[in-house]
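# Residue-level structural notes
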Amino acid sequence: NPITLSVVLTSLALGTIFTVSSSHWFLAWMGLEINTLAIIPIMTQHKHPRAIEASTKYFLTQAAASALLLFSSLNNAWLTGEWSIMDLTNPLSCATMTVAICMKLGLAPFHFWLPEVLQGINLTTGLILSTWQKLAPMAILYQIAPTLNTPLLLTLGLVSTLVGGWGGLNQTQLRKIMAFSSIAHLGWMVSILPFSPQLMILNLTIYLIMTSTMFLMLKTISSTKISSLATSWSKTPTTTALSLLTLLSLGGLPPLSGFVPKWFILQELTNQNTTILATTLALSALLSLFFYLRLTYI
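Calculation notes
- Residues numbered from 1 in each chain as written.
- Predicted model: local features only at pLDDT ≥ 70, side-chain atom pairs only at ≥ 80, totals over all residues.
- Heavy atoms only, no water.
- UniProt positions renumbered as here; feature names shortened; annotations may be inferred.
- Helix = DSSP H or I, 4+ residues; strand = E, 2+ residues; numbered from the N terminus.
- Buried < 20%, exposed > 50% of the residue type's maximum accessible area, 1.4 Å probe, protein only.
- Contact = heavy atoms within 4.5 Å.
- Domains from an automatic or database assignment.
- Buried area = accessible area lost by both parts, 1.4 Å probe.
- Salt bridge = Lys/Arg side-chain N within 4 Å of Asp/Glu carboxyl O.
- Polar contact = N/O pair within 3.5 Å; in protein donor to acceptor, adjacent residues only side chain to side chain.

- Where an unreviewed UniProt entry is consulted, the chain appears under the name NADH-ubiquinone oxidoreductase chain 2, with the organism given as Xenopus gilli.
- Listed under Sequence similarities (unreviewed entry) in UniProt, the entry text for the chain is "Belongs to the complex I subunit 2 family."
- Recorded in UniProt for the chain, the comment headed Subcellular location (unreviewed entry) runs: "Mitochondrion inner membrane".

Have a look at this one:
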């Protein structure tokens, strides 16, 4: 029904706009809830058991993360008397808020729902889940970055890049590969967040552009598995070639655009005397690049 679809899409847009533009924790939480409830009908529009399972997993995870976020903001308001997003000063509230947002984004070790949910929905909904749904939590992270626990963020970022690299190695489903790619990229963003939030925004922008391009190309050539990607070369050679370039860009291969934010992040981390972290991140990028290269060879 076009009216129902327009209401759902409007709610999806409004939820993100509420969260991004709010300076009050309750309004930010409300925007995230609207966002979650709006995408559930889109995920379940095809009455398939896997879609229903994916939407149930997504709803339960997001509800738990929202409850934790509300608990964190309530705890902070109880101790400080402030509901402003910028005044998150209590250490316990900072830690629980970080965990809540990481659950919403799908950062390791809270990532287990993301590959399963992406695998159970179609490519269009997967595009929304991988791009638009990341904006609201990332906006909150950007605002509270100065008050967050730096060692916790760096640990989450490192674990996410490693999990994103290792997890995608033995996958044959393209949606699961894109899910692990998302986990790895989010790890890079979280790692640089305490030192340079502007670099995080640059990385997020390039990630959104490349992921949107990849999902739209997979939708154009109707590929959800590596085997179907292998047979698409004879049907749509130009689109397939562009999708391979996009994959290499996602992997961060120079001189493609995906290399630029990784280069800047490694440079900034080195300047901040976290050379070991920068080295580990660079090595984990090789893992991701390996399965992107495997797709291009096919």
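Back to the write-up after that little detour.
## Some thoughts on the overall build of the chain
- The secondary structure content of the chain amounts to 14 helices and zero strands.
- Counted from the first residue to the last, the chain has its helices and strands arranged as α-α-α-α-α-α-α-α-α-α-α-α-α-α.
- Its C-alpha atoms give the chain principal-axis dimensions of about 65 × 55 × 25 Å.
- Looking at the chain as a whole, 53% of its 298 residues are labelled buried.
- A sequence separation of at least 24 residues applies to 74% of the contacts in the chain between residues at least 6 apart.

## Observations regarding the domain arrangement of the chain
- Split by domain assignment, the chain resolves into domain 1 (1–122) and domain 2 (149–297).
- Inter-centroid distance (C-alpha atoms) of domain 1 to domain 2 is 23 Å.
- Counting from both sides, the interface comprises 17 residues of domain 1 and, opposite them, 18 residues of domain 2.
- Across the domain 1 to domain 2 interface the summed buried area is about 1,400 Å²; carbon plus sulfur atoms make up 75%.
- Glutamate 116 serves as the salt-bridge partner of lysine 176, at 3.6 Å between the closest nitrogen and oxygen.
- At the boundary of domain 1 and domain 2, one finds four residue pairs in polar contact (both at pLDDT 80 or more).
- When residues of the side of domain 1 that touches domain 2 are traced back to their parent elements, those giving at least two are α4 (91–105) and α5 (113–120).

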